[in-house]
Amino acid sequence: MALTREERELFLAEPRIAALAVAAAEGRAPLTVPIWYQYRPGEDIWIMTGRDSRKGRLIAAAGRFTLMVERAEPTVRYVSVEGSVTATEPATREALHEIASRYVAADKVDAYVDFASSEHGEQVVIRMRPEHWLSADLGQL
C-alpha cells in the first residue's frame, strides 16, 4: 500500500541510514552507498560528502540522485525519492553538527564533529529537491 504524502515525508524525516544511488560511468551499474542525510517535510534533502569523493563527482556530473530508506519492523516500509541537485556548497561545522546529531548519541556528537572536521577532509553539502517518490508499507499483508 502506497504511503500518503504526509506519511512518506514523516518517514523520510526519521533518522535512518539512506542508500544513495547515482548514475556511474558507461557500462557500470549505479553507485549505491549508505549515507547520512537531513530532511524536513516540504524542504530539500541534503547530504554531506567529501568534495572530491566518487559520489560527489558522480552527483555533480549527473545533476541528480536517489535516496532510499527502509525499515523491517514493525512492518516493512520504504520510501525512495529522486530529484535534481539544487545547490552544492562548502560544508560548515554547524551543518556537520546538525547531521551528526541525527545519528550519533548526544554525548558523543561534539567528539564526532571534532574527529570528522580533522580527518574527513574538505566536505560539501549537496541539496536535492524531491521530484519523484516511491513508497509502500506492506503491513497489511
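Below or above, wherever it landed, is the structure these notes cover. (Residues numbered from 1 in each chain as written. Predicted model: local features only at pLDDT ≥ 70, side-chain atom pairs only at ≥ 80, totals over all residues. Heavy atoms only, no water.)

### Side note on the pairing of strand β3 (residues 45–50)
Put simply, the test is: Only protein chains enter the calculation, and the probe is 1.4 Å; a residue is then buried if its accessible area is under 20% of its type maximum, exposed if over 50%, and partly exposed in between. Helix and strand definitions follow DSSP, with helices as H or I runs of at least four residues and strands as E runs of at least two, each counted in order from the N terminus. Two strands qualify as a pair provided DSSP detects at least 2 bridges between them.
Where burial is concerned, most of β3 is hidden: six out of the six residues are buried. Bridge count for β3 against strand β6 (residues 123–137) is six bridges, and the pairing is antiparallel. If you follow W46 over to β6, its bridge partner there is R127.

### With respect to the sheet that holds β6
The following threshold applies: All axes here are fitted lines through C-alpha atoms, helices being fitted over the stretch that makes contact, and every angle between N-to-C directions spans 0 to 180 degrees. By definition, residues are in contact when any of their heavy atoms lie within 4.5 Å.
On the basis of which strands lie adjacent, the open sheet formed by six strands has the order β2-β1-β4-β5-β6-β3 and antiparallel pairing. Either end of the sheet is taken by a strand with one partner, and the two such strands are β2 (31–35) and β3. Looking at each pair of strands side by side, their axes are set apart by 30° on average, direction ignored. As paired elements, strand β1 (residues 18–22) and β2 share five bridges and run antiparallel to each other. Bridged to V22 within β2 is L31. Docked against the sheet, helix α2 (residues 54–62) engages β1, β2, β3, β4 (64–71), β5 (77–90) and β6, running at close to 120° with respect to β2.

### A look at helix α3 (residues 93–103)
One turn of the α-helix equals 3.6 residues, which is why residues spaced by three or four share an orientation. How we decide: Here the arc refers to the directions that run from the helix axis out to each C-beta atom.
Within α3 the residues assigned to the buried category are A95, L96, I99, A100, R102 and Y103. Buried residues of α3 fall within an arc of 150° about the axis and therefore sit on the same side. Buried positions along α3 lie against α1 (5–13), β3, α4 (109–119) and β6.

### Remarks on the pattern of salt bridges
This is how the line gets drawn: Should a side-chain nitrogen of Lys or Arg be within 4 Å of a carboxyl oxygen of Asp or Glu, the pair is scored as a salt bridge.
Here the structure, examined in full by the defined rule, presents eleven salt bridges. With its nearest N and O atoms 2.8 Å apart, the salt bridge here joins E82 to R64. Residue E82 is found in strand β5, and its partner R64 is found in strand β4; the two are separated by 18 residues along the sequence. Look at R64 and you get partly exposed, because its relative accessible area is 26%. A salt bridge links R77 to D137; the nearest nitrogen and oxygen atoms lie 2.7 Å apart. Residue R77 is found in strand β5, and its partner D137 is found in strand β6; the two are separated by 60 residues along the sequence. For the pair formed by R77 and D137, the shared burial category is buried. Overlapping salt bridges bring together R64, E82 and E131 as one network.

### A look at the packing of aromatic side chains
Working definition: an aromatic ring pair is given by the centre-to-centre distance plus the angle between the planes. Applicable threshold: A pair of Phe, Tyr and Trp rings is counted when the ring centres sit within 6.5 Å of each other, with Trp represented by its six-membered ring. The angle between the planes then sorts it: under 30 degrees is stacked, over 60 is edge-to-face, the rest tilted.
Counting across every chain of the model gives three aromatic pairs. With a centroid separation of 5.3 Å and an interplanar angle of 50°, the aromatic rings of W36 and Y112 are classed as tilted. In this pair, W36 is assigned in the loop between β2 and β3 and Y112 in helix α4, connecting sequence segments 76 residues apart. By relative accessible area, which is 22% here, Y112 ends up partly exposed. Consider the rings of Y39 and W133, whose centres lie 6.4 Å apart with planes at 65°: the pair is edge-to-face.

### Topic: the packing of α3 against α4
As a reminder of what qualifies: Reported orientations rely on four angle classes, namely roughly parallel under 35 degrees, roughly antiparallel over 145, roughly perpendicular from 65 to 115, and oblique for the rest. Note on convention: the crossing is left-handed when the near helix lies turned anticlockwise from the far helix by less than a right angle, right-handed when the turn is clockwise. For this classification, Asp, Glu, Lys and Arg are treated as charged, while Ala, Val, Leu, Ile, Met, Phe, Trp, Tyr, Cys and Pro are nonpolar and the rest, including Gly, are polar.
One way to put it is that α3 packs onto α4 with a least axis distance of 10 Å and a crossing angle of 130°. Taken together, α3 and α4 sit at an angle that is classed as oblique. Our pair here, α3 against α4, has a crossing hand that is right-handed. Counting all contacts with α3, which are made through R93, L96, H97, A100 and S101, the residues of α4 involved are V109, D110, Y112, V113, D114, A116 and S117. Taken together, the residues that form the contact of α3 with α4 break down as six nonpolar, three polar and three charged.

Fair warning: the whole summary comes from geometry, so function is off the table for now.
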